[in-house]
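Residue-level listing of the chains:
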Amino acid sequence: MPGRRREERWESEASAVPAARPAPRSACPPSPHLQRAGPRGRAGLGEESGRVRMEEEEEAAAVSGSTGPGCGCKGIRSCLLCEGPAQAAPPTQGDERFVYCPASGLAEGDERSQFAGWAFPFPGVFLAEEFISEDEEAAMVELMDRDEWKPSQSGRKKQDYGPKVNFKKQRLKAGGFTGLPSFTKRIVAQMGACSVLGGFLPVEQCNLDYRPERGSAIDPHFDDWWLWGERLVSLNLLSKTVLSMSCDSEDIIQLFPTSSNENGELTPPGPLTQTSPCENPGRRGPSCPLSPRLVPRKEVTVAIHLPRRSLLVLYGDARYKWKHAIHRRHIQQRRVCVTFRELSAEFSAGGRHEELGKELLGIALSFQGRPV
């Protein structure tokens, strides 16, 4: 969504960027600047120039009109608190045509759709159910609710723990960032047991509060990848939901017919049979071979079901090729999402801005933070 870049600085599913992989290091932008907000800033951070506006301030000034009653919507965003008969209705939210299966790693055609009986590999997703206990969940949310939830766009509220960033100008300032919250330290340690999270060091945490009475949602988008690294990690609390994956690309996806094992479970596709499909395309088995099917990627949507207390990691193709969204219809009860981000290669060991990355991580991993 290049025309609406950075409408929000911190959303767990925020900071849309063009659909392309990160640029090689030789094509990096000029060095960013880390500034401090005032005399209480950390030693070693540059002085505040007074001229650098963070993106939230820039966009707030650029958008005419005020926000809705008690919400943070602006521009084309809206929620149930600010929508009225004079406003355009929110975009239509179509049904997902495929469902991601964690066991097989396949996106399988929904049985109610025209793609029933078809599947394709969907790499870059890791889902751990029951990542924390009910008692741990309750304790975490209770601690979050002690702090202020600030209004955000599309009916959400948020709490930020991280540096302030202007992605457009590629500049940073520490502001009031004092680290991730203390209750996160144990969660981060627990993440180390996940195979896909080896060496994961979060430098930013965003808590998002979704409520059905506010019409909470977030449009399809990519997370930024100038500052944020490969893996996006989200802990889903209080209620189940669905993460909807979509793509604007004209690339073609090859679908494969699925087969069932003796337990009735779908299995990864085997060798393809180059024959014409039978009269009943929903039927599977040796008596009814199916040919591979080609569809434009933009016609494919994939639902990733997120159980309560599950941990989701997006990386690789799911991070860089597929946009992710939460649709309003998938928020049935209060949902709290805790998203963690790591630094990109440019801010990590061996990168152009390695020292700056070390400073940010030093702040983050002190685990003494309050929402900024």
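1. Examining the overall build of the protein
Working step 1: Of the regular secondary structure elements, the protein holds five helices and 21 strands.
Working step 2: The buried share of the protein, taken over its 372 residues, is 50%.
Working step 3: Pairs at least 24 apart in sequence give 79% of the contacts found in the protein among residues at least 6 apart.
Working step 4: As presented, the protein carries roughly 17300 Å² of accessible surface, and 51% of it is formed by carbon and sulfur atoms.

2. Comments concerning the packing of aromatic side chains
Working step 1: Counted according to the given criterion, the structure contains eleven aromatic pairs.
Working step 2: Taken together, a centroid distance of 5.8 Å and an interplanar angle of 55° make the contact between Phe222 and Trp225 tilted.
Working step 3: For Phe222, a relative accessible area of 3% translates into the label buried.
Working step 4: For Trp225, a relative accessible area of 11% translates into the label buried.
Working step 5: Chaining the aromatic ring pairs together yields one cluster made of Phe98, Tyr100, Phe115, Phe120, Phe122 and Trp322.

3. Overview of the sheet that holds strand β19 (residues 310–314)
Working step 1: Ordered in space as β5-β19-β12-β21-β10-β7-β6, the seven strands form an open sheet in which the pairing is antiparallel. One side of each edge strand has no neighbouring strand; the edge strands of this open sheet are β5 (125–128) and β6 (150–151).
Working step 2: Judged from the four bridges that link them, β5 and β19 form a sheet pairing that is antiparallel. Within β19, the residue paired with Val125 across the bridge is Leu314.
Working step 3: Each of β7 (157–161), β10 (204–210), β12 (228–237) and β21 (335–343) is contacted by helix α2 (residues 134–144), which is oriented at about 105° to β12, the strand it contacts most.

4. Quick word on helix α5 (residues 354–364)
Structurally, the α-helix is built with 3.6 residues per turn, so residues lying three or four positions apart point the same way.
Working step 1: Within the sequence span of α5, burial applies to Leu356, Gly357, Leu360, Leu361, Ile363 and Ala364. Looking down the long axis of α5, one finds its buried residues gathered within 155° of arc, a one-sided arrangement.

5. Overview of the state of the cysteines
Working step 1: A full pass over the atoms with the stated rule returns zero disulfides.
Working step 2: Unpaired in terms of disulfides, Cys337 finds its nearest cysteine sulfur in Cys206, a separation of 7.8 Å.

6. Overview of the pattern of salt bridges
Working step 1: Overall, the coordinates contain 21 salt bridges when judged by the stated rule.
Working step 2: A salt bridge links Arg112 to Asp110, with the nearest nitrogen and oxygen atoms 2.9 Å apart.
Working step 3: Exposure remark for Asp110: the relative accessible area of 11% places this residue in the buried category.
Working step 4: A salt bridge links Glu137 to Arg308; its shortest N-O distance comes to 2.8 Å. Taken together, the positions of Glu137 in helix α2 and Arg308 in the loop between β18 (302–306) and β19 put the pair 171 residues apart, joining distant regions of the chain.

7. Some points on the sheet that holds strand β11 (residues 218–221)
Through backbone hydrogen bonds, the strands of a sheet pair up, either in parallel or in antiparallel fashion.
Working step 1: In space, the nine strands of this open sheet follow the order β11-β20-β13-β18-β2-β3-β4-β14-β17, with mixed pairing throughout. Sheet topology places β11 and β17 (293–296) at the edges, where each strand pairs with a single neighbour. Sheet twist, expressed as the average angle between the axes of neighbouring strands with direction ignored, equals 30°.
Working step 2: Across two bridges, strand β2 (residues 98–101) lies against β18 in parallel orientation. Bridge pairing in β18 places Phe98 opposite Val302.

8. Looking at the environment of Asp251
Working step 1: Within the fold, Asp251 resides in the loop between β13 (241–246) and β14 (252–257).
Working step 2: Along the sequence, Asp251 and Leu294 sit 43 residues apart, while their C-alpha atoms lie 10.0 Å from each other.
Working step 3: Ignoring any residue separated from it by four or fewer positions in sequence, one finds Asp251 in contact with Val295, Pro296 and Arg297.

9. Some remarks on the environment of Ala174
Working step 1: Note that Ala174 resides in the loop between β9 (171–173) and α3 (184–191).
Working step 2: You can call Ala174 buried: its relative accessible area is 5%.
Working step 3: Separated by eleven residues in sequence, Ala174 and Pro163 place their C-alpha atoms 4.7 Å apart.

10. Details of the nonpolar core
Working step 1: One finds Phe120, Phe122, Met245, Val302, Ile304, Leu314 and Trp322 to be the most contacted residues of the largest nonpolar core, which totals 31 residues.
Working step 2: Of all the secondary-structure elements, those providing two or more residues to this core are β2, β4 (118–121), β5, β10, β13, β14, β18 and β19.
Working step 3: Aside from chain neighbours lying at most four places away, what touches Trp322 is Phe120, Phe122, Phe222, Met245, Ser246, Cys247, Ile253, Arg297, Val300, Val302 and Asp317.
Working step 4: Formed by 21 residues, the second largest nonpolar core is a distinct cluster that contains Trp149, Leu197, Phe200 and Val233.

11. Quick notes on the pairing of β7
Working step 1: With four of five residues buried, β7 lies mostly within the body of the structure.
Working step 2: Pairing between β6 and β7: two bridges, direction antiparallel. The residue of β7 that forms the bridge with Pro151 is Lys157.
Working step 3: Turn length for the β6-β7 hairpin, with the two strands adjacent in sequence and antiparallel, is five residues, and the turn residue Ser154 shows positive phi of about 55°.
Working step 4: One ladder, built from five bridges, connects β7 with β10; its direction is antiparallel. Along β10, the bridge assignment pairs Gln159 with Asn207.

Parameters and conventions
- Residues numbered from 1 in each chain as written.
- Predicted model: local features only at pLDDT ≥ 70, side-chain atom pairs only at ≥ 80, totals over all residues.
- Heavy atoms only, no water.
- Helix = DSSP H or I, 4+ residues; strand = E, 2+ residues; numbered from the N terminus.
- Buried < 20%, exposed > 50% of the residue type's maximum accessible area, 1.4 Å probe, protein only.
- Contact = heavy atoms within 4.5 Å.
- Areas by Shrake-Rupley, 256 points an atom, 1.4 Å probe, with all protein chains shown as cover.
- Phe/Tyr/Trp six-rings, centres within 6.5 Å; stacked < 30°, edge-to-face > 60°.
- Pairing = 2+ DSSP bridges.
- Axes fitted to C-alpha atoms, helices over the stretch in contact; angles between N-to-C directions.
- Arc of directions from axis to C-beta.
- Disulfide = S-S within 2.5 Å.
- Salt bridge = Lys/Arg side-chain N within 4 Å of Asp/Glu carboxyl O.
- Core = buried A, V, L, I, M, F, W, Y, C linked by side-chain atoms within 4.5 Å.

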